Amino acid sequence: MTNPLLAPWDTPFDLPPFDRISDEDYAPALEEALAAHNAEIAAIVAQEAAPDFENTIAALEASGEALDRVLSPFFALAGADATPRRQELQREFSPKLAKHFAEISANPDLYARVRAVWDKRDELGLDDQDARQLFLVHRGYVRAGAALTGAEADRMKAIKERLAVLGTSFTQNLLKDEADWSMDLAEADLEGLPEFLVDAARAAGEEKGRPGPVITLSRSLIVPFLQFSPRRELREKAWKAWVSRGAFGGETDNRAIAAEVLALREERAKLLGYENFARYKLDTEMAGEPAAVRALLMDVWEPAKRQALADQDVLSAMAAEDGVNGPIEGWDWRYYAEKRRKEEHDLDEAALKPYFQLDKMIAAAFDCANRLFGLEFSELDMTSYHPDVRVFEVTRDGKHVAIFLGDYFARGTKRSGAWCSAIRSQAVRPREQTPVVVNVCNFAKPPKGRVALLSYDDARTLFHEFGHALHQMLSDVRWEGVSGTSVARDFVELPSQLFEHWLEVPEVLQKFATHAETGEPMPKAMLDKVLGAANFDMGFQTVEYVASALIDLEFHDGAAPTDPMARQAEVLEKLGMPSAIPMRHATPQFAHVFSGDGYSSGYYSYMWSEVMDADAFAAFEEAGGAFDPEVAASLEENILSKGGSVEAAELYERFRGRLPGVEALLKGRGLVA
Ligand SMILES: [Zn+2]
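Residues numbered from 1 in each chain as written. Predicted model: local features only at pLDDT ≥ 70, side-chain atom pairs only at ≥ 80, totals over all residues. Heavy atoms only, no water.

Asker: In this structure, what is going on with the overall build of the protein? I would like to understand it.
Answerer: Scanning the protein from terminus to terminus reveals 27 helices and 7 strands. If you line up the protein on its principal axes, its C-alpha atoms span 85 × 65 × 55 Å. Sequence separation of 24 or more characterises 74% of the internal contacts of the protein that already satisfy a separation of 6 or more. Total accessible area on the protein stands at roughly 29500 Å², and carbon and sulfur atoms take up 51% of it. Considering the protein, the positive charge centre built from 73 side chains and the negative charge centre built from 110 side chains are found 2 Å apart. (Helix = DSSP H or I, 4+ residues; strand = E, 2+ residues; numbered from the N terminus. Contact = heavy atoms within 4.5 Å. Areas by Shrake-Rupley, 256 points an atom, 1.4 Å probe, with all protein chains shown as cover. Lys, Arg positive; Asp, Glu negative; His and termini not counted. Charge placed at Lys NZ, Arg CZ, Asp CG, Glu CD.)

Asker: Explanation requested: the coordination of the zinc ion in the structure shown.
Answerer: Six octahedral donors around a metal ideally make angles of 90 or 180 degrees; four tetrahedral donors ideally make 109.5 degrees. The zinc ion binds to the protein through His464 (NE2), His468 (NE2) and Glu493 (OE); the donor distances cover 2.1 to 2.2 Å. Counting residues between consecutive donors of the zinc ion along the chain gives the motif H-x3-H-x24-E. Placement of both His464 and His468 in helix 17 (residues 456-473) is noted, with a separation of 4 residues, approximately one turn of the helix. For His464, a relative accessible area of 13% gives the class buried. (Donors = N, O, S within 2.8 Å, 3.2 Å for Na, K, Ca; no water. Buried < 20%, exposed > 50% of the residue type's maximum accessible area, 1.4 Å probe, protein only.)

Asker: Quick question: what am I supposed to make of the side chain of Ser316 here?
Answerer: Inspection of the secondary structure assignment puts Ser316 in helix 13 (residues 290-321). Residue Ser316 is classed as buried on the basis of its relative accessible area, which comes to 13%. A distance of 3.3 Å separates a polar side-chain atom of Ser316 from the backbone nitrogen of Ile328. Excluding its chain neighbours within four sequence positions, the residues that come into contact with Ser316 are Pro327 and Ile328. (Polar contact = N/O pair within 3.5 Å; in protein donor to acceptor, adjacent residues only side chain to side chain.)

Asker: Looking at this structure, how should I read unusual backbone geometry?
Answerer: Across residues other than glycine, the phi torsion is negative in most instances, and most of the peptide bonds are trans. Each neighbour pair has its own omega, and for Arg429 with Pro430 the value is 0°, a cis peptide bond. The topology assignment puts Pro430 in the loop between strand 6 (419-424) and strand 7 (436-443). With a phi angle near 55°, Asp14 is a residue other than glycine that sits in the positive phi range. Residue position: Asp14 is located in the segment before helix 1 (23-46). On the basis of relative accessibility, which here comes to 34%, the residue Asp14 falls in the partly exposed class. For Asp537, which is not glycine, the phi torsion reads 60° and is therefore positive. Structurally, the position occupied by Asp537 is in the loop between helix 20 (524-533) and helix 21 (538-556).

Asker: What should I look at first to understand the nonpolar core in this one?
Answerer: A general trend in soluble globular proteins is that nonpolar side chains are found buried together. Counting 142 residues, the largest nonpolar core has Phe356, Leu462, Phe466, Met473 and Trp502 as the members making the most contacts within it. Sort the elements by how many residues they give to this core and helix 21 lands first, with 11 residues. In terms of nonpolar packing, the next biggest core, distinct from the first, is built from 30 residues, Ile21, Leu30, Ala33 and Leu71 among them. (Core = buried A, V, L, I, M, F, W, Y, C linked by side-chain atoms within 4.5 Å.)

Asker: Looking at this structure, I do not really get helix 11 (residues 255-271). What am I missing?
Answerer: Turn by turn, an α-helix covers 3.6 residues, leaving residues three or four places apart pointing in a common direction. In this model helix 11 runs 25 Å from its N-terminal to its C-terminal C-alpha over 17 residues, within 8% of the 24 Å that 1.5 Å per residue would give. Buried residues in helix 11 make contact with helix 7 (150-180), helix 12 (277-282), helix 21, helix 22 (564-575) and helix 23 (591-594). Backbone geometry just downstream of helix 11 places Gly273 in the positive-phi region, at approximately 90°. (Expected span 1.5 Å × (residues − 1).)

Asker: Would you mind showing me how to read the packing of helix 25 (residues 629-640) against helix 26 (residues 648-656) here?
Answerer: For any two helices packed against each other, one specifies the crossing angle of their axes together with the interaxial distance. Taken N-terminus to C-terminus, the directions of helix 25 and helix 26 make an angle of 160°; their axes are 9 Å apart at the nearest point. One finds that helix 25 runs roughly antiparallel with respect to helix 26. Relative to helix 26, helix 25 is oriented so that their crossing is right-handed. Seen from helix 25, the contacting residues are Val631, Ser634, Leu635, Asn638 and Ile639; seen from helix 26, they are Leu651, Tyr652, Arg654 and Phe655. The class makeup of the residues in the contact of helix 25 with helix 26 is 6 nonpolar, 2 polar and 1 charged. (Axes fitted to C-alpha atoms, helices over the stretch in contact; angles between N-to-C directions. Parallel < 35°, antiparallel > 145°, perpendicular 65-115°, else oblique. Left-handed = near helix turned anticlockwise from the far one by under 90°. Nonpolar A, V, L, I, M, F, W, Y, C, P; charged D, E, K, R; others polar.)

Asker: Even after reading the chapter, I still don't get the pattern of salt bridges, so can you show me in this structure?
Answerer: Side-chain pairs of opposite charge can arise whenever the charged atoms involved come near each other. Counted by the stated rule, this structure contains 58 salt bridges. Here Lys99 and Glu103 are joined by a salt bridge, their closest N and O atoms 3.4 Å apart. Of the two residues, Lys99 and Glu103 both sit in helix 4 (residues 84-105), 4 residues apart, roughly one turn of that helix. Residue class for Lys99 comes out exposed when judged on its relative accessible area of 54%. Notably, a salt bridge pairs Arg268 with Asp597, separated by 3.0 Å at the nearest N-O pair. Taken as a pair, Arg268 in helix 11 and Asp597 in the loop between helix 23 and helix 24 (605-622) lie far apart in primary sequence, 329 residues in all. Under the relative-accessibility criterion, Arg268 is labelled buried at 11%. (Salt bridge = Lys/Arg side-chain N within 4 Å of Asp/Glu carboxyl O.)

Asker: What am I meant to see in the packing of helix 7 against helix 11 here?
Answerer: Relative orientation of the contacting elements helix 7 and helix 11 amounts to 150°, with a least axis distance of 10 Å. Taken together, the axes of helix 7 and helix 11 lie roughly antiparallel to each other. Considering the relative orientation of helix 7 and helix 11, their crossing is left-handed. For the pair helix 7 and helix 11, contact is made by Glu152, Arg155, Met156, Ile159, Arg162, Leu163, Leu166, Ser169, Phe170 and Asn173 and by Ile257, Glu260, Val261, Leu264, Arg265, Glu267, Arg268 and Leu271, respectively. A per-class count over the contact of helix 7 with helix 11 returns 9 nonpolar, 2 polar and 7 charged.

Asker: How do you make sense of the environment of Glu206 when you look at a structure like this?
Answerer: Within the secondary structure, Glu206 sits in helix 8 (residues 195-208). Residue classification places Glu206 among the exposed positions, given a relative accessible area of 68%.

Asker: What is the right way to look at the packing of aromatic side chains in this model?
Answerer: The relation between two aromatic rings is expressed through the spacing of the ring centres and the mutual angle of the planes. By the definition in use, this model includes 36 aromatic pairs. Both rings, one in Tyr111 and one in Tyr141, keep their centres 6.3 Å apart while their planes meet at 35°; by these two values the pair is tilted. Here Tyr111, found in helix 5 (residues 108-119), pairs with Tyr141, found in helix 6 (residues 128-143); they are 30 residues apart in sequence, far enough to count as distant. The burial state of Tyr111 is the same as that of Tyr141; both residues are buried. The positively charged end of Arg371 is found above the aromatic ring belonging to Phe627, 3.8 Å away from the centroid. Between Arg415 and the ring centre of Trp419, over which it is positioned, the NZ or CZ distance is 4.0 Å. (Phe/Tyr/Trp six-rings, centres within 6.5 Å; stacked < 30°, edge-to-face > 60°. Lys NZ or Arg CZ within 6 Å of the ring centre and 35° of its normal.)

Asker: Please explain helix 1 as it appears in this structure.
Answerer: Between its first and last C-alpha, helix 1 extends 36 Å over 24 residues, near the 34 Å set by a 1.5 Å rise per residue. Taken residue by residue, helix 1 has Asp23, Asp25, Tyr26, Ala29, Leu30, Ala33, Leu34, His37, Ile41 and Ile44 as its buried positions. For helix 1, the elements touching its buried residues are helix 2 (53-62), helix 3 (65-80), helix 4 and helix 5.

Asker: Help me out: how do you make sense of a negative patch on the surface in this one?
Answerer: Together, Asp346, Asp348, Glu349 and Asp457 give the surface a local cluster of negative charge. Mapped onto the fold, Glu349 is located in helix 15 (residues 349-352). Its relative accessible area of 48% is what places Glu349 among the partly exposed residues. (Patch = residues over 30% accessible without salt bridge, like charges linked within 9 Å, V, L, I, M, F, W, Y side chains within 5 Å.)

Asker: Please clarify how the state of the cysteines should be interpreted in this entry.
Answerer: In a disulfide, the sulfur atoms of two cysteines are held together by a covalent bond. Inspection of the entire model under this criterion finds 0 disulfides. Looking at the unpaired Cys368, the closest cysteine sulfur is the one in Cys441, lying at 16 Å. Here Cys368 falls in the buried class, since its relative accessible area comes to 1%. As a non-bridged cysteine, Cys441 has Cys420 as the owner of its nearest cysteine sulfur, 9.7 Å distant. (Disulfide = S-S within 2.5 Å.)

Dropping the structure here:
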């Protein structure tokens, strides 16, 4: 029998036939698909005809179709329904895939053809979309080191391999430090701790085989402990261990690894012709260069620091009443901030929850998409990869636009967090296809017969992921490689963070945040409290984040420091870092930057996106309000439909008439009046 992954699917909307695919189909299908891809690549290379756009660039894009058919359903399951068997398959597949793609990007004959097309780009008469495709394909090869030869090529390979080893060690050391450290609590030490934390501490004690409850360095235990424990000496002990993860000395110490990683990255950037790693990394981002990132972060730094220092005075005065002399310390901040939060923004979570029904929040997101972009959603009586997944057809003016899958409930086989992925992306080439987009969340599933309720944060998450889904569904580009969310890292969170703003629009909450039992809309006073609490302790949060982002930038923009810890201390000193606020991630714990390349020289991108989303939403407010049709049309035309087919900065300027400024962000975070 033919493998169902590789046979024609013959399903409505050509959706993967999950009901016909068994886990045992994936491995043989993958082998077949990898072999097919290799054969396609070999055929491109073996052509007699001189390299041109169609026989090389377009042919390359068309290759690997079978691989896509195997991997897109597989990765959907690997994230959202990862049974032990599927995890095992994933461990088997990842090194295989890494090797497969590394070999393609290091294939000298293939690169020679790509290079030949690139060199005669001006004579090809390509239109904008094809020219962009050629530019991106060529750039991808060059950045992977395909243009290097001889000793340089060997060195690049060695550097990449060493960086992969160091990244894994960094992560594992951190996990080991977090797992090994624990602090036993006597019954008297449980004073002041909320029930959920006591339960979690007892469970952690049992897991570790301790006689009683313990606090470990897991964020879900240590942060609430620092928030709630009135025992200052215990807070100090726990806090000091927490901020020293990865720097305990001995075998798990990450400091030497950090220095080696930074040196290797600098060497790699120089091999590729860049002055330093930050310039290499930012070259493909919207920010473009280190100076732009530094300017943004410093614009935010001063107002954030001012706010944090003012908050520090308030908290120090509260601590003085408890007999603490002088300014508060790092282990005091969260404890007094929690006390202050209770006094100023007492939000009764239990009273709030019935107003955020899952079904109503889904309806709210759909309604906003309808008012802004004319999209309509109808639920289909269809099953997907799990019985909890809901399937919707998305249309506009009666025409099919996309399939949207909503996978909202937590389960043991789903990884934590929330995400949006495309099982199929919109494209005209290499094949004409409409998108199949999935939003995956981890909301608590209600007992049978009860309505699913969300927290306010959950509702934000739902809107956030739906914003990514819109970016996929409204995509209207030629090439699949630049479809939807295939954009620069510092641009990809704009549509998602922007869409969160509609949850805060009073008329949206008025209509959809209704009480599960009474059906009454949320009272205005409660709504104001929810929105007010969102900015609480923003000085602290902004300072700890910006400090980490600036250290990340300084490490990579210039010669790699031989002693990163000394460099970190020097930069913080120059910034005037408030003494009671640690970096969100100090160097030995900074997994974003040292576990892999994803966020190295890129930790700023969260804030870069936030600057844009605040500024972009202001465009609606300055026009006719949150549903202004002209601004919505321009958002779709210039940003949501364009994917990565045009440079991000260019897209933003077309939408806003200028690049974004930080004013709207500072206002949104409550850091300026
Ligand atoms: Zn996101």
